[in-house]
Amino acid sequence: MGRSPCCEKAHTNKGAWTREEDQRLVAYIKAHGEGCWRSLPKAAGLMRCGKSCRLRWINYLRPDLKRGNFTEEEDDLIINLHQILGNKWSQIAGRLPGRTDNEIKNYWNTHIKRKLLARGIDPQTHRPLSAAVAPSCNRQDKMAARSSCSPETSCAGHSSDDDSGGTSVPRLANIDLNLSISQPSQHPSTRSLPER
DNA sequence: AACTCCTCCAACCGCAATTCG
DNA sequence: CCGAATTGCGGTTGGAGGAGT
């Protein structure tokens, strides 16, 4: 039975994080480092499941997050990476320092997807939309279809050059893509928390 | 000025993959 | 080597805020 994922106890908070919760989480991780998400909430005095703590830290509280608008360079890089990797958001995020998979995923769904559709490019295949495209009833697609005018239609020229094959998402396991944005200072995995 | 609709983002959920005993 | 536990990932959703009427 019991595959109680994490929130076995009903005494866990859900929804938006409070300032105090954030402070507790940050303080705890600064002191003890990341990891052991399962036991972290209790140790840190948080009424959250480990999963929620991890997500909050990764996507919002980490000190090395860039936040703010995506640059044109990032924009273009995401499109290129997505063309190769597909919806592997974490892998894409790994090549954009300071960005998280969740952030990129959101950005893709709200901004880039629409942009590509407006250009007549299928966001999934990166190929020109054909007339035979099924009218999906997705919320996002409807949005995309509605506003067919992208705010900034300036993009680097990445025409549909490659992908001459038929299959969509390739088999790359560990291609060393030269696609990445140089990091300002440190490597995420080597990141040292500002100890206090 | 009030109301409605739309957009975007933070967070949740379930499943997959990985690690541990 | 196997099963259980934990972590990580990607899809999806709910609600706050903004724009338009």
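Reading guide: rules and limits
- Residues numbered from 1 in each chain as written.
- Chains lettered and ligands numbered in written order.
- Predicted model: local features only at pLDDT ≥ 70, side-chain atom pairs only at ≥ 80, totals over all residues.
- Heavy atoms only, no water.
- Helix = DSSP H or I, 4+ residues; strand = E, 2+ residues; numbered from the N terminus.
- Buried < 20%, exposed > 50% of the residue type's maximum accessible area, 1.4 Å probe, protein only.
- Contact = heavy atoms within 4.5 Å.
- Areas by Shrake-Rupley, 256 points an atom, 1.4 Å probe, with all protein chains shown as cover.
- UniProt positions renumbered as here; feature names shortened; annotations may be inferred.
- Axes fitted to C-alpha atoms, helices over the stretch in contact; angles between N-to-C directions.
- Parallel < 35°, antiparallel > 145°, perpendicular 65-115°, else oblique.
- Nonpolar A, V, L, I, M, F, W, Y, C, P; charged D, E, K, R; others polar.
- Disulfide = S-S within 2.5 Å.
- pLDDT = per-residue confidence, 0-100.
- Phe/Tyr/Trp six-rings, centres within 6.5 Å; stacked < 30°, edge-to-face > 60°.
- Lys NZ or Arg CZ within 6 Å of the ring centre and 35° of its normal.

A. Summary view of the overall build of chain A. Along chain A, the regular secondary structure elements total seven helices and zero strands. A total of 196 residues make up chain A; the buried ones form 34% of that total. Here the contacts in chain A between residues at least 6 apart in sequence split such that 67% fall between residues at least 24 apart. As displayed, chain A has an accessible area near 12,700 Å², and 50% of this comes from carbon and sulfur atoms.

B. A look at the UniProt feature "domain: HTH myb-type" (unreviewed entry) in chain A. As annotated in UniProt, the feature "domain: HTH myb-type" (unreviewed entry) corresponds to residues 9–61 and 62–116 in the numbering used here. Across residues 62–116 one finds 64% helix and 0% strand; the C-alpha atoms that close the span lie 31 Å apart.

C. Expanded view of the packing of helix α4 (residues 72–85) against helix α6 (residues 101–118). For the pair α4 and α6, the least separation of the axes is 11 Å and the interaxial angle reads 90 degrees. Relative to α6, α4 is oriented roughly perpendicular. Contacts from Glu-72, Asp-75, Ile-78, Ile-79 and His-82 in α4 reach Ile-104, Tyr-107, Trp-108, His-111, Ile-112, Lys-115 and Leu-116 in α6. For the contact of α4 with α6, a count of residues per class yields seven nonpolar, two polar and three charged.

D. The arrangement of the state of the cysteines in detail. Applying the stated criterion to the full structure yields zero disulfides. Here Cys-36 is not cross-linked by a disulfide; its sulfur's nearest cysteine counterpart is in Cys-53, at 13 Å.

E. Summary view of unusual backbone geometry. One non-glycine residue, Arg-67, lies in the positive phi region at around 60 degrees. Overall, the relative accessible area of 39% leaves Arg-67 in the partly exposed class. A positive phi is found at His-126, a non-glycine position, where the angle reads about 65 degrees. Tracing the backbone shows His-126 in the loop between α6 and α7 (139–146).

F. Examining the confidence of the model for chain A more closely. Per-chain confidence: chain A averages 73 in pLDDT, with 61% of residues scoring 70 or above. Taken element by element, the predicted model of chain A shows its lowest mean pLDDT in α7 (44) and its highest in helix α5 (residues 89–93) (95). Confidence drops under a pLDDT of 50 for residues 185–196, and excluding neighbours within four residues, the segment shows 14 contacts in the predicted structure.

G. Quick peek at the packing of aromatic side chains. The tally for this structure, following the rule as stated, stands at two aromatic pairs. Ring centres of Phe-70 and Tyr-107 lie 4.0 Å apart, and the angle between their planes is 10 degrees; on these two criteria the pair is classed as stacked. One end of the pair, Phe-70, is in the loop between α3 (50–61) and α4; the other, Tyr-107, is in helix α6, with 37 residues separating them in the sequence. Residue classification places Tyr-107 among the buried positions, given a relative accessible area of 13%. Pairing Trp-89 with Trp-108 gives two aromatic rings, centres 5.9 Å apart and planes at 50 degrees, and the pair type is tilted. Here the residue Trp-89 occupies a position in helix α5, and Trp-108 occupies one in helix α6, the gap between them amounting to 19 residues. According to the relative accessible area criterion, Trp-89 is buried, its value standing at 12%. The ring of Tyr-60 carries Arg-56 above its face, with NZ or CZ at 4.0 Å from the centroid. Between Arg-99 and the ring centre of Phe-70, over which it is positioned, the NZ or CZ distance is 4.1 Å.

H. Just the UniProt feature "domain: Myb-like" (unreviewed entry) in chain A, in detail. Under the UniProt annotation, the feature "domain: Myb-like" (unreviewed entry) is placed at residues 9–61 and 62–112. Across residues 62–112, the secondary structure splits into 61% helix and 0% strand, with the terminal C-alpha atoms separated by 25 Å.

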